[in-house]
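Here's the letter readout for the chains.
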Amino acid sequence: QASSTMLCKTENEALIKIRVDMLSDRPHAMTNYQLQGTDGCYESARAAGETNRIWLREKSEDMHTWVDLNELSEEFLPDFWKEGMERARAAGHGGGDYFEVLDFIDAAAGRRPCPIGIHEAMDMTLPGLISQQSAAEGGRWIEVPDSRSWTHEESPKPQLQMVWPENKTVTPPEVNLPRSYRLRCLNDGEEEAFVDLMHSAGFTGWTLETLAEWKRRALPEGLFVIEHEPTGRLAATAMATHNPTGRHPGGGELGWVAAHPDHRGQGLGEAVCAAVVRRFLSAGYRRVYLKTDDFRLPAIRTYLRLGFVPLEENDAMAERWKTVRKSVG
């Protein structure tokens, strides 16, 4: 069979058509996509020389004019994609593999979780498998299973915690910055740039509303950023928030440490964390702590170098830290 066509109906009654054709004699056309909504539509290029085109009600002057998708890249494409497009095109396969490989390396190295988890991967795989079953049964509609219902999800483990030793509360860490970088606080008007930075570091759920909420929690002059002076772009950030808990009465939490992928390896994470610790100590905090995850090994190395110590309040937590210590050497 040269061509297979699959029709999918979503829970919201949207219809999706997927055609796969590996054998028919015709000019190459590997990726043809169309997306139709109530306030916009998109059509990918069908052949060499054509462009990807889009129509958006709020951005188009009339109902009859397409817009080249590239015209919207400056507004919507994340910086790390825009800056990496030339390298992606040189990597072969039309550039499609470049960012996927970077995501895999970041996940394998523990810098951030894989953007597409097991269930999202199954969401993209199961419909194709079910379509084969449907074809074998005369094309009848078949419910696509949800892999999330296959196993019982365990409650997520509590995050690991680290504390700044009380015997170091009078010796704040030094902030060491490489050349071409400047430490400062976030300025008004930089909110969108800050959200872009968080997205580039893997915190894709951040919005302007998220930032507004956390700015209210941060200490005055406690939301630090590091600027790359040649470009004026934000390269790293960390936050000092007043967040006392039962385990940390009167405590200040170091949180939301992030660095742009293009500026990793410069020691920016350690520098911005040192700035947060100094801010807490200058404000008189005796308890400074942070939360992290077992897989964030590069971040944990940074915290250990800076002077934070693991909090092992029970056997389970001590065992997890034992595993982490082996991994970070």
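Residues numbered from 1 in each chain as written. Predicted model: local features only at pLDDT ≥ 70, side-chain atom pairs only at ≥ 80, totals over all residues. Heavy atoms only, no water.

Asks: Would you explain the overall build of the protein in this entry?
Replies: When you go through the protein residue by residue, the secondary structure sums to nine helices and 13 strands. By the burial criterion, 34% of the 329 residues in the protein qualify as buried. A fraction of 57% describes how many contacts in the protein between residues 6 or more apart in sequence connect residues 24 or more apart. Looking at the protein as shown, the accessible area adds up to about 21,000 Å², and 52% of this sits on carbon and sulfur atoms. If the 38 positive side-chain charges of the protein are averaged to one point and the 49 negative ones to another, these points end up 6 Å apart. (Helix = DSSP H or I, 4+ residues; strand = E, 2+ residues; numbered from the N terminus. Buried < 20%, exposed > 50% of the residue type's maximum accessible area, 1.4 Å probe, protein only. Contact = heavy atoms within 4.5 Å. Areas by Shrake-Rupley, 256 points an atom, 1.4 Å probe, with all protein chains shown as cover. Lys, Arg positive; Asp, Glu negative; His and termini not counted. Charge placed at Lys NZ, Arg CZ, Asp CG, Glu CD.)

Asks: I'm lost on the state of the cysteines in this one. Help?
Replies: Put plainly, a disulfide is one covalent bond tying together the sulfur atoms of two cysteines. Applying the stated rule across the entire model yields zero disulfides. As a non-bridged cysteine, Cys273 has Cys185 as the owner of its nearest cysteine sulfur, 15 Å distant. (Disulfide = S-S within 2.5 Å.)

Asks: Could you clarify how one ought to interpret the pairing of strand β4 (residues 40-43) in this entry?
Replies: Each regular strand shows side chains that alternate between the opposite faces of the sheet. Side-chain alternation along β4 places Gly40 and Tyr42 on one buried face and Cys41 and Glu43 on a second face that is also buried. As defined by bridge partners, strand β3 (residues 34-36) adjoins β4 across three bridges and the pair is classed as antiparallel. Paired with Gln34 across the bridge in β4 is Glu43. Remark: three residues form the turn of the hairpin made by β3 and β4, two consecutive strands paired antiparallel. (Pairing = 2+ DSSP bridges.)

Asks: Got a minute to help me understand the packing of helix α8 (residues 297-306) against helix α9 (residues 315-328) in this structure?
Replies: Two measures define how a pair of helices packs: the angle their axes make with one another and the distance between the axes. Relative to each other, α8 and α9 sit at 90°, their axes nearing to 10 Å. Between α8 and α9, the angle is such that the two are roughly perpendicular. Contacts from Leu297, Ile300, Arg301 and Leu304 in α8 reach Trp321, Val324, Ser327 and Val328 in α9. Of the residues in the contact of α8 with α9, the class split is six nonpolar, one polar and one charged. (Axes fitted to C-alpha atoms, helices over the stretch in contact; angles between N-to-C directions. Parallel < 35°, antiparallel > 145°, perpendicular 65-115°, else oblique. Nonpolar A, V, L, I, M, F, W, Y, C, P; charged D, E, K, R; others polar.)

Asks: Explain the pattern of salt bridges here, please?
Replies: For side chains bearing opposite charge, pairing can occur when the charged atoms are close. Across all of its chains, the model carries 24 salt bridges by this definition. Between Arg182 and Glu229 there is a salt bridge, with its nearest N and O atoms 3.8 Å apart. A residue pair is termed long-range when its members are at least 10 positions apart, and Arg182 in strand β8 (residues 181-185) and Glu229 in the loop between β9 (218-228) and β10 (233-242) qualify at 47 residues. Among the ionic contacts, a cluster of salt bridges with common partners joins Arg182, Arg184, Glu190, Glu227 and Glu229. (Salt bridge = Lys/Arg side-chain N within 4 Å of Asp/Glu carboxyl O.)

Asks: Help me out: how do you make sense of helix α7 (residues 268-282) in this one?
Replies: Residues spaced three or four apart along an α-helix face the same direction, because each turn holds 3.6 residues. Spanning 15 residues, α7 covers 21 Å between terminal C-alpha atoms, matching the ideal 21 Å at 1.5 Å per step. When you tally the buried positions in α7, you get 11 out of 15 residues, the bulk of the element. Leu268, Ala271, Val272, Cys273, Ala274, Ala275, Val276, Val277, Arg279, Phe280 and Leu281 are the residues of α7 that are buried. Those residues of α7 that are buried lie in contact with β8, β9, β10, β11 (252-259), β12 (288-292) and α8. Downstream of α7 by a residue or two, Gly284 has a phi angle that is positive, lying close to 90°. (Expected span 1.5 Å × (residues − 1).)

Asks: I'm lost on the sheet that holds β3 in this one. Help?
Replies: Picture the strands of a sheet paired through backbone hydrogen bonds; they go either parallel or antiparallel. With antiparallel pairing, four strands are arranged side by side in an open sheet as β3-β4-β5-β6. Only two strands of the sheet have a single partner each, and these edge strands are β3 and β6 (67-68). Note that strand β5 (residues 53-56) and β6 share two bridges and pair antiparallel. Bridged to Ile54 within β6 is Val67.

Asks: In this structure, what is going on with helix α2 (residues 79-90)? I would like to understand it.
Replies: Those residues of α2 not exposed but buried are Phe80, Gly84 and Ala88. Down the axis of α2, the buried side of the element spans an arc of 65°, and every buried residue falls inside it. With respect to the buried face of α2, the exposed residues turned more than 90 degrees away are Glu86, Arg89 and Ala90. Residues of α2 that are buried in the fold lie against α3 (98-108) and α5 (191-200). Looking one or two places after α2, you find Gly92, whose phi comes out positive at around 90°. (Arc of directions from axis to C-beta.)

Asks: Just to check I follow, could you spell out the confidence of the model for the protein for this structure?
Replies: Close inspection of predicted coordinates is inappropriate for parts of the model with low pLDDT. Residues with a pLDDT of 70 or more make up 98% of the protein, whose mean pLDDT is 89. The secondary-structure element of the protein with the lowest mean pLDDT is α2, recorded at 82, while β8 shows the highest, at 97. (pLDDT = per-residue confidence, 0-100.)

Asks: Would you take a moment to explain unusual backbone geometry for this structure?
Replies: Note on backbone geometry: most residues besides glycine have negative phi, and most peptide bonds are trans. The phi torsion at Glu221 lies on the positive side, around 55°, for a residue other than glycine. Inspection of the secondary structure assignment puts Glu221 in strand β9. Exposure remark for Glu221: the relative accessible area of 62% places this residue in the exposed category. The backbone phi angle of Trp256 is positive, close to 50°, even though this residue is not glycine. For Trp256, the location among the structural elements is in strand β11. The class for Trp256 is partly exposed, based on a relative accessible area of 28%.

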